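# Notes for the structure review
Single-letter residue listing:
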Amino acid sequence: MLPRLRLAVALALAIASFAADVAADDTTPAHTPSTKELLAKSKPQEWRAPDPQNLLVMQLPQGKVVIELAPDFTPLHVANIRTMAHEHYYDQLAIVRVHDNFVTQWGDPATDDNGDKSKLKSMGSAKPTLPPEYTRSIDARLPFTALPDGDVYAPEVGFSEGFPVARNKATGQEWLTHCYGMVGVGRDNDPQSGSGSELYAVIGHAPRGLDRNLAVVGRVLQGMEYLSGLPRGTGPLGFYEQPSQHVTISSARLMSDVPAAQRSKLEVLRTDSPTFAALVEAKRNRHDDFYQFPAGKVDLCSISIPVREASASR
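All values reported here derive from a predicted model rather than from experimental measurement.

## A look at the sheet that holds strand β5 (residues 103–107)
Read across the open sheet, the 9 strands follow the order β14-β4-β5-β12-β11-β13-β3-β2-β15; overall the sheet is antiparallel. At either margin of the open sheet sits one strand with a lone partner, and together these are β14 (247–248) and β15 (251–254). Judged from the 4 bridges that link them, strand β4 (residues 94–98) and β5 form a sheet pairing that is antiparallel. Paired with Val98 across the strands is Thr104, a residue of β5. Against the sheet, helix α3 (residues 75–86) engages β2 (55–60), β3 (63–69), β11 (182–185), β12 (199–202), β13 (216–222) and β15, with an angle of about 120° to β15.

Below you can see the structure in the form of structure tokens.
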């Protein structure tokens, strides 16, 4: 069976299953199910707990930001980020750039054009440069849930392990995409100049033109409001013009290095689950008292992957 046909069958089965539940519950309105309604009926096995070694916890004055790293797509950069987190490299660095409708970027302020290079922070045992990891070979062992609609930037798009992915079977390559909340590695013109010492999060309309030009290392699971709600920089490209505008990073640790009692216990909806398939179909063909004209399509970056706090009762 073709991949898109398999997805269509999965979507139909998921919606049919939900419809059966609705029929048995007279209190549920007869309309396209909302995200809240679908998630309320999800099964425990449809959620996954991210590996604590893949979670970077960044503490800002505004609150905590949790980023899930993607070692299957950018293993060298993720390893370098883990090293820097272990060695506390990110502590007391800062958010130096907030470009409206684009990115929030953080790193060592001394690397700025007007920064004091004599105050550059040592990267310790982390590597200062890395080979570019913009794409990877398609691996059939990695789960991939294809979307049924087209994409402007790639022959095929979908989700793998909770991350938005584009791929090209003709070249045998796949890559993480620049959707809202995705985290990438800043670099200079030299493709090997990115190390993970400077990171950015997409806070605006998906800049998909960056795909395959920068290494994407993960996505924000929690605390996105603290990155997207910061004052915009007034300098070129959204950089803060005064050191007093910088937002200091108190600390950045891997969740595995945080005492167990202090760890956030997050769960992410599996993107190969029936509930996720139903979410996609509901977003493509929403029809209720407000949505009178379903779009019939959905683009990759319009789909947000649900994240929740794990409950001891579940």
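We are not done yet, so read on.
## Considering the environment of Arg232
Of note, Arg232 is situated in the loop between α4 (224–228) and β14. With relative accessibility at 30%, the residue Arg232 sits in the partly exposed group. Considered as a pair, Arg232 and Asp100 are 132 residues apart in the sequence and their alpha carbons are 6.0 Å apart. The residues contacting Arg232, other than those within four sequence positions of it, are Val98, Asp100, Ile203 and Tyr240. Polar contacts involving the side chain of Arg232 include one to the side chain of Asp100, which spans 3.0 Å. Within the structure, Arg232 has its side chain in polar contact with the backbone oxygen of Ser228 (distance 2.7 Å).

## What about the pairing of strand β16 (residues 266–269)?
Along β16, one buried face is formed by Leu266 and Val268 and the opposite face, lined by Glu267 and Leu269, is buried too. The pairing of strand β1 (residues 47–48) with β16 spans 2 bridges and is classified as antiparallel. Each residue of the ladder has a partner; that of Arg48, found in β16, is Val268. Of the pairings in the sheet, the one linking β16 to strand β17 (residues 307–309) comprises 3 bridges and is antiparallel in character. Among the inter-strand pairings, Val268 is bridged to a residue of β17, identified as Val307.

Conventions and cut-offs
Residues numbered from 1 in each chain as written. Predicted model: local features only at pLDDT ≥ 70, side-chain atom pairs only at ≥ 80, totals over all residues. Heavy atoms only, no water. Pairing = 2+ DSSP bridges. Helix = DSSP H or I, 4+ residues; strand = E, 2+ residues; numbered from the N terminus. Contact = heavy atoms within 4.5 Å. Axes fitted to C-alpha atoms, helices over the stretch in contact; angles between N-to-C directions. Buried < 20%, exposed > 50% of the residue type's maximum accessible area, 1.4 Å probe, protein only. Polar contact = N/O pair within 3.5 Å; in protein donor to acceptor, adjacent residues only side chain to side chain.

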